[in-house]
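Residue-level listing of the chains:
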Amino acid sequence: MKTEGGTDAAKRRAGERAAEEVEGGDVVGLGTGSTTAYAIEAIGEAVANGLEVQGIPTSFQSRQLALEVGIPLTTLEAVDTVDLAIDGADQVVDDPDSSAHGALIKGGGAAHTREKLVDAAAERFVVVADPSKLADRLERSVPLEVLPDAHTVVADRIRDLGGEPTLREAANKDGPVVTDNGNLVLDCEFGPIDDPDELAAVLSSVPGVVEHGLFVDLADVTYVGTDDNVAIREY
Ligand SMILES: O=C[C@H](O)[C@H](O)[C@H](O)COP(=O)(O)O
């Protein structure tokens with residue numbers, strides 16, 4: 001039997017705690033990644049026990065998992081309201097004294113474009129994370145989803161801005177990662193990001209960038225799974 005490591009147990013706690021927020025009749029944004037997967041599984045279990053919800057997946061991966069666990073699916077076009085979205089993060093600013101408290105980097109799984117669309121549309125955006133994701137400020141590379149034709153010009157623009165872009169390579173195929181939307185991903189190192197809001201605005205203005213992985217002023221709460229509990233950060 002596969003044993004669950006400390007990080008997996010923390011992710012599970014966060015995911016299951018977030019799933020407790022889901023109420024009958026809700027439309028729920030279903031994020032992508034290993035932490036959110038625990039929330040999707042818990043929602044599937046609740047559905048099996050009679051809870052009536054509809055899910056909006058943010059990727060091929062979350063759609064497949066939702067189908068597997070029996071969550072009825074819908075689309076953004078078909079609903080008036082998304083009650084809440086549950087999604088993971090690659091890094092979360094955890095400093096109440098910082099204006100960037102609660103800002104995120106997402107897109108480690110190349111799903112950030114659709115995630116941002118759904119997370120931003122939700123009345124409440126619930127982030128799920130383990131403690132390794134928390135940081136005083138954002139400093140991981142920022143994923144950019146870019147149109148295939150645009151990757152060299154966007155890379156040049158990122159260098160002009162002082163960043164170092166790397167085209168994301170696929171692990172199990174020759175060539176680059178191709179997103180669910182048929183685009184490419186540039187992972188861009190900027191070093192520590194003091195003002196994510198400002199960088200987000202600059203990145204959004206670069207032609208050829210479909211979406212960047214900075215999520216600023218979007219999260220309402222983060223559930224951080226710990227060794228034996230869940231820490232809550234409300235924003
Ligand atoms: O593109 C992927 C997403 O933004 C994920 O939510 C993020 O990478 C976190 O994934 P995980 O929970 O597996 O660390």
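Residues numbered from 1 in each chain as written. Predicted model: local features only at pLDDT ≥ 70, side-chain atom pairs only at ≥ 80, totals over all residues.

**Student:** Please give an account of helix H4 (residues 112-121) that cites residues and values.
**Tutor:** The buried fraction of H4 amounts to 7 of the 10 residues, a majority that puts the element mostly inside the structure. Among the residues of H4, those classed as buried are His-112, Thr-113, Arg-114, Glu-115, Lys-116, Val-118 and Asp-119. (Buried ≥ 20, exposed ≤ 12 C-beta atoms within 10 Å, placed from the backbone. Helix = DSSP H or I, 4+ residues; strand = E, 2+ residues; numbered from the N terminus.)

**Student:** Report on the site of the ligand, specifying residues and quantitative values.
**Tutor:** If you check the shell around the ligand, you find 18 residues, and the closest are Gly-33, Thr-35, Gly-88, Gly-108 and Gly-109. For the shell around the ligand, the secondary structure elements donating two or more residues are helix H2 (34-48) and H4. Here the shell around the ligand gets 3 residues from one element, more than from any other, and that element is H2. (Near = placed C-beta within 6 Å.)

**Student:** Outline the pairing of strand S8 (residues 142-146), listing residues and values.
**Tutor:** Counting buried positions along S8 yields 5 of 5 residues, so the element is predominantly enclosed. Both faces of S8 are covered, namely the face carrying Val-142, Leu-144 and Val-146 and the face carrying Pro-143 and Glu-145. Note: S8 against strand S10 (residues 184-189), 5 bridges, orientation antiparallel. By the bridge assignment, Glu-145 is partnered in S10 with Val-185. Strand direction decides the pairing type here: S8 and strand S11 (residues 209-212), joined by 3 bridges, are antiparallel. Note that in S11 the partner of Glu-145 across the bridge is Glu-211. (Pairing = 2+ DSSP bridges.)

**Student:** Help me get a handle on the packing of H2 against helix H3 (residues 60-69), residues and values and all.
**Tutor:** Running from amino to carboxyl end, H2 crosses H3 at an angle of 25°, the nearest separation of the two axes being 9 Å. With respect to H3, the element H2 is oriented roughly parallel. Remark: the crossing between H2 and H3 carries right-handed chirality. Contacts between H2 and H3 involve Thr-36, Ala-37, Ile-40, Glu-41 and Gly-44 on the former and, on the latter, Ser-62, Leu-65, Ala-66 and Val-69. (Axes fitted to C-alpha atoms, helices over the stretch in contact; angles between N-to-C directions. Parallel < 35°, antiparallel > 145°, perpendicular 65-115°, else oblique. Left-handed = near helix turned anticlockwise from the far one by under 90°. Contact = placed C-beta atoms within 7 Å.)

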